[in-house]
Amino acid sequence: MPFDKTNDRSIFTQRESDARSYCRGFDTVFTHARGSELFDADGKRYIDFLAGCSSLNYGHNDPDMKQALVDHLMGDKLGHALDFHTDTKGAFLEVFQDLILRPRDMDHKLMFIGPTGANAVEAAMKIARKSTGRQNIIAFTNGFHGVTMGALAATGNGYHRGGAGMMPQGVTRMPFDNYADGVDSVALLDQMLSDASGGVDAPAAIMMETVQGEGGLNAASPEFVRGVEAVARKHGALFIVDDIQAGCGRTGTFFSFEEMGVTPDIVTMAKSVSGMGLPMALVLVRPEHDVMGPAEHNGTFRGNTHAFLTAKTAIEKFWADNAFQRQLADKAVVLTIALSEVAEMFDGAFLKGRGLMQGVDVGTGERASEICGLCFGKGLVIETSGNEDQVVKVLAPLTTPDAIFREGLDILIQSAREVKASEAAGQ
């Protein structure tokens, strides 16, 4: 019997693996979406403050990307192309070169791999190991880089690491910025690498997120990022920035590290790089480290021509000048003000993150989940993050109209007030 698109969820419980996750917290059948709004089978409207976990920075079904894709399909253009030369890939490469790389004085080459962020991380780690002849990768506490075996070794989350069924190897973990009170993490890293008895093998690379998305919106200071790069240079390691969630404007600039005075050897990108949620991932690598032989690292779907097209359209629409970036800065201020109001409601609560990748640590995962649950009931999709899911995390599409953005923030504030009142009544 065909699925009739009503709000009956029984088929999902019956046939979908128990590995499903987001749908457990947002238990409805979504049917269509526009911009920053989702609609379910009952016709209920939701404001989207999740944005495909930052895969939809430009919202759902952007009209220009959608039209470009329709024209591409109707013109019988290629969809799948392995790594053939195509006119669509060539056009994307030229736009990325002219509007992204050259204005930022970056000389990186682009490596197309499988379509996920984990694919990009796997490739980055392999490149670093082959380029340096070393095996060890240094990653940081609370980092999240994916759940395939290589990427999982660099991921800190114990729950996900436990799913591997074996010990992930090849990574040394060091404390992130401000992870340990009173500890200069950069100095500690340098000291351990400099000491022949420090117990840390010479690294092929040091890999980090400038804002740890799944780890709880821990934002590294520019000084920390510069310090990590300097340690990598001193000890002959490559410097890798995982910009899969924090990139494509999420922290206010196209790359999250742009205003920090660093030049990573390798940058991993995925999520919003395609523009409208189509699977696509990139590895940006300095030419001197472009060491993989033909098909030595590959992926059947590295030629997602549809994604090349929408990625090109997104860059041309949003990154040809500084207008969009200025809008992001204004919107980030609105977000900070609203989240500050939430933080003031709970003792010890505080803001985390940067740009439009901000949230509030409300102390416990139970409280954060209760707030997000009330939000969903009022028509706002928003999630938690952090080592104990204690951070209410805002990842609204960057293109969210001001009125809808403020409406969503008002729902969040009201839900937090209700939780606060409930807690007070229970004392």
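Look up a bit, the structure's there.
Cut-offs applied
Residues numbered from 1 in each chain as written. Predicted model: local features only at pLDDT ≥ 70, side-chain atom pairs only at ≥ 80, totals over all residues. Heavy atoms only, no water. Helix = DSSP H or I, 4+ residues; strand = E, 2+ residues; numbered from the N terminus. Rg over C-alpha atoms; globule rule 2.2 N^0.38 Å. Buried < 20%, exposed > 50% of the residue type's maximum accessible area, 1.4 Å probe, protein only. Contact = heavy atoms within 4.5 Å. Areas by Shrake-Rupley, 256 points an atom, 1.4 Å probe, with all protein chains shown as cover. Lys, Arg positive; Asp, Glu negative; His and termini not counted. Charge placed at Lys NZ, Arg CZ, Asp CG, Glu CD. Salt bridge = Lys/Arg side-chain N within 4 Å of Asp/Glu carboxyl O. Pairing = 2+ DSSP bridges. Axes fitted to C-alpha atoms, helices over the stretch in contact; angles between N-to-C directions.

Participant: Tell me about the overall build of the protein chain, and name the residues and values.
Facilitator: In terms of helices and strands, the protein chain carries 14 helices and 17 strands. Relative to the globule expectation of 22 Å for 427 residues, the C-alpha radius of gyration of the protein chain, 22 Å, shows essentially globular dimensions. Along the three orthogonal principal directions, the C-alpha set of the protein chain runs to about 60 × 60 × 45 Å. Residue burial in the protein chain is summarised as follows: out of 427 residues, 52% are buried. In the protein chain, the share of contacts with a sequence separation of at least 24, taken over all contacts with a separation of at least 6, comes to 72%. Accessible surface, the protein chain: about 18,900 Å² in total, of which carbon and sulfur atoms supply 51%. Averaged over its 39 positive side-chain charges, the protein chain has a centre that lies 3 Å from the centre of its 55 negative ones.

Participant: Which residues make up the pattern of salt bridges, and what values do they have?
Facilitator: In total, this model carries 24 salt bridges according to the counting rule given. Residues Lys317 and Asp62 are paired through a salt bridge, measuring 2.7 Å at the closest nitrogen-oxygen approach. With Lys317 in helix α11 (residues 305-318) and Asp62 in the loop between α3 (51-54) and α4 (63-74), the pair connects residues that are 255 residues apart, well separated along the chain. A residue is classified by how much of its surface remains accessible, and Lys317, at 36% relative accessible area, is partly exposed. Where Glu316 meets Lys312, a salt bridge forms, and the shortest distance between an N and an O atom there is 3.2 Å. Taken as a pair, Glu316 and Lys312 lie in helix α11 at a separation of four residues, close to a single helical turn. Each of Asp18, Arg20 and Arg24 takes part in a single network of salt bridges with overlapping partners.

Participant: Please provide a residue-by-residue account of the pairing of strand β10 (residues 238-242), values included.
Facilitator: β10 sits mainly inside the fold: five of its five residues count as buried. Across the two faces of β10 the burial is the same, with Leu238, Ile240 and Asp242 and Phe239 and Val241 all buried. With four bridges joining them, strand β7 (residues 203-208) and β10 adopt parallel strand pairing. Paired with Ile206 across the bridge in β10 is Phe239. Bridge analysis of β10 against strand β11 (residues 266-269) gives three bridges, and the strand direction is parallel.

Participant: Report on the sheet that holds strand β14 (residues 357-361), specifying residues and quantitative values.
Facilitator: In spatial order, the strands read β13-β14-β17-β16; together these four strands make up an open sheet with antiparallel pairing. Whereas interior strands pair on both sides, the edge strands pair on one side only; in this sheet they are β13 (350-354) and β16 (383-385). Sheet twist, expressed as the average angle between the axes of neighbouring strands with direction ignored, equals 35 degrees. Sheet topology places β13 next to β14; five bridges connect them, and they run antiparallel. Paired with Gly353 across the bridge in β14 is Gln358. Set on the sheet, helix α12 (residues 323-343) makes contact with β13, β14 and β17 (391-394); between it and β14 the angle comes to about 5 degrees.

Participant: Summarise unusual backbone geometry; cite the residues concerned and give the values.
Facilitator: At Ser54, a residue that is not glycine, the phi angle is positive and equals roughly 75 degrees. Along the polypeptide, Ser54 turns up in helix α3. Positioned with a positive phi, Asn178 is a non-glycine residue whose angle comes to about 65 degrees. Tracing the backbone shows Asn178 in the loop between β6 (171-174) and α9 (185-194). Relative accessible area serves as the criterion here: at 63%, Asn178 is assigned to the exposed category.

Participant: Residue-level account of the sheet that holds strand β1 (residues 30-34), with values.
Facilitator: Read across the open sheet, the four strands follow the order β1-β2-β3-β15; overall the sheet is mixed. The open sheet terminates on both sides in strands that have one partner only, identified here as β1 and β15 (380-381). Summarising the sheet, strand β2 (residues 37-40) and strand β3 (residues 45-48) pair through three bridges and their orientation is antiparallel. In the sheet register, Leu38 faces β3, and the bridge partner there is Tyr46.

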